[in-house]
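Here's the letter readout for the chains.
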Amino acid sequence: MDRQKTGLLNRLASILPEGMLVDAAWLKSQGYSTQLQHQYVKSGWLEQPTRSVFRRPRGGLSWQQVVISLQTILNYSPLVVGGRTALELQGYAHYLPQSATRVHLYGPKPPPQWVHKLPLHLKFVYHNDRRLFKNDPVAKGISSVRWNVETGKMTDVTAFRGGDVTQLNWGQWDWPLTLSTPERAVFELLDELPNHESFEQVDALLGGLTNLRPDRLQKLLHDCASVKVKRLFFYFADRHKHAWLKYLKKESVDLGHGKRLLVRGGILDPTYQITVPGDLDGVR
């Protein structure tokens, strides 16, 4: 019996990397009973950050470890880091205020409820991406970066910017963190206007996105199901006169009909039939 338990412990060491999280259901599916789970916690081999969630001890718990565990071990895929969070991770934080209190996740189904009970000083915000995009997002607009769970640093960002899901040879502590490309993250950010993002912040960010890929933008424009988001995208692109705009086929994009009231008391943009804040229009 002791030999059997030792074998199970050694096996768990090989399939559960240090610092990563799994739930009780996953452990049970791998052959680890509830009793054995409790024994591992009691012995210190596993720790329990919240009820029915376990990890092998390895420093503090980060939100990146949580998301990587969901994406790679617990098969919550496709569940990606998107919107404001993806833009910050890919080097656009100087256009946005630091927001370490929220992590935006996008996918067809929400993450498990236990992620909201973890001892982290931030909130996971889930968005159903099938409401925003008609097609599977894995086809376009998803990227993978190298996240080192030991040092907490991300590397090789530029190698993946604008790419699809990429398979890499990860080191012992390097794990893939899947996130939206800047092109897709812009659409996700625009979807948050005007209730959860401000026009001023989005305007400042869009003004700095000079190197977006037109082919990827065109695909996202066709897949986007939100008339509001598409009109806002072209409004900001026209406003900042980006070079990549001339490569987009605007006439092939469905921009719907009628006016869109986004800001009460705002100014109606005649081209895209959306209302924008008067002070924003004044700094054009």
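Residues numbered from 1 in each chain as written. Predicted model: local features only at pLDDT ≥ 70, side-chain atom pairs only at ≥ 80, totals over all residues. Heavy atoms only, no water.

Draft legend 1. Here's a closer look at the overall build of the chain. Along its length, the chain carries 12 helices and 11 strands. The burial tally for the chain puts 51% of its 284 residues in the buried class. Accessible area of the chain: about 13,700 Å², with a carbon and sulfur share of 50%. (Helix = DSSP H or I, 4+ residues; strand = E, 2+ residues; numbered from the N terminus. Buried < 20%, exposed > 50% of the residue type's maximum accessible area, 1.4 Å probe, protein only. Areas by Shrake-Rupley, 256 points an atom, 1.4 Å probe, with all protein chains shown as cover.)

Draft legend 2. Representation of the nonpolar core. Core analysis: the largest hydrophobic core is formed by 73 residues, its most contacted members being F233 and F236. Here the element with the most residues in this core is helix α11 (residues 227-240); it accounts for 7 residues. Filtering out sequence-adjacent residues up to four positions away, F233 remains in contact with V186, F187, L190, L217, L221, W244 and L248. (Core = buried A, V, L, I, M, F, W, Y, C linked by side-chain atoms within 4.5 Å. Contact = heavy atoms within 4.5 Å.)

Draft legend 3. Broad picture of the packing of helix α8 (residues 182-190) against helix α10 (residues 214-223). Two elements in contact, α8 and α10, have axes separated by 9 Å at closest approach and are oriented at 35 degrees. The two elements α8 and α10 cross, and the hand of that crossing is right-handed. Facing α8, whose interface residues are E183, R184 and F187, α10 presents R216, L217, L220 and L221. Counted by class, the contact of α8 with α10 contains 4 nonpolar, no polar and 3 charged residues. (Axes fitted to C-alpha atoms, helices over the stretch in contact; angles between N-to-C directions. Left-handed = near helix turned anticlockwise from the far one by under 90°. Nonpolar A, V, L, I, M, F, W, Y, C, P; charged D, E, K, R; others polar.)

Draft legend 4. Main features of the side chain of Q71. Looking at where Q71 falls in the secondary structure, it is placed in helix α4 (residues 63-72). Here Q71 falls in the buried class, since its relative accessible area comes to 11%. The residues contacting Q71, other than those within four sequence positions of it, are Y76, S77, L79, V80, V81, P176, L177 and T178.

Draft legend 5. Representation of the pattern of salt bridges in the model. The tally for this structure, following the rule as stated, stands at 13 salt bridges. D223 is the salt-bridge partner of K219, the closest N and O atoms lying 2.3 Å from each other. On the criterion of helical spacing, the pair formed by K219 and D223 is a turn pair, its members being 4 residues apart in helix α10. The exposure class of K219 is partly exposed, given its relative accessible area of 26%. Overall, D223 belongs to the buried group, its relative accessible area being 9%. Salt bridges sharing common partners tie together D129, R130, R184 and E188. (Salt bridge = Lys/Arg side-chain N within 4 Å of Asp/Glu carboxyl O.)

Draft legend 6. Seen up close, the environment of W244. Relative to the helices and strands, W244 is located in the loop between α11 and β10 (267-269). According to the relative accessible area criterion, W244 is buried, its value standing at 3%. A sequence separation of 29 residues divides W244 from D215, and the C-alpha atoms of the two residues are 9.6 Å apart. The contact partners of W244, leaving out residues within four places of it in the chain, are L209, T210, N211, L212, P214, L217, F233 and A237.

Draft legend 7. Structural detail: helix α5 (residues 83-92). Across the 10 residues of α5, 9 count as buried, placing the element largely inside the fold. Looking at α5, one finds that the buried residues are G83, R84, T85, A86, L87, E88, L89, Q90 and Y92.

Draft legend 8. Fine view of the packing of aromatic side chains. Evaluated as defined, the whole model comprises 9 aromatic pairs. Arranged with centres 5.1 Å apart and planes meeting at 20 degrees, the rings of F187 and F233 form a pair that is stacked. Of the two residues, F187 is situated in helix α8 and F233 in helix α11; the sequence distance between them amounts to 46 residues. Summarising the burial analysis for this pair, F187 and F233 share the class buried. (Phe/Tyr/Trp six-rings, centres within 6.5 Å; stacked < 30°, edge-to-face > 60°.)

Draft legend 9. A look at the pairing of strand β5 (residues 102-107). Buried residues dominate β5, accounting for 5 of its 6 residues. By the bridge criterion, 2 bridges tie strand β4 (residues 80-81) to β5 in an arrangement that is antiparallel. Note on β5: the bridge partner recorded for V81 is L105. Pairing analysis gives 6 bridges linking β5 to strand β6 (residues 123-128), with the strands arranged parallel. Bridging across to β6, L105 finds its partner in Y126. (Pairing = 2+ DSSP bridges.)

Draft legend 10. Layout of the packing of helix α9 (residues 199-208) against α11. Where α9 contacts α11, the axes come no closer than 10 Å and their chain directions differ by 60 degrees. Between α9 and α11, the crossing angle belongs to the class labelled oblique. Regarding α9 and α11, the two cross each other, and that crossing is right-handed. Contact residues: α9 offers F199, V202, D203, L206 and G207, while α11 offers L232, F236, R239 and H240. Grouping the constituent residues of the contact of α9 with α11 by class yields 5 nonpolar, 2 polar and 2 charged. (Parallel < 35°, antiparallel > 145°, perpendicular 65-115°, else oblique.)

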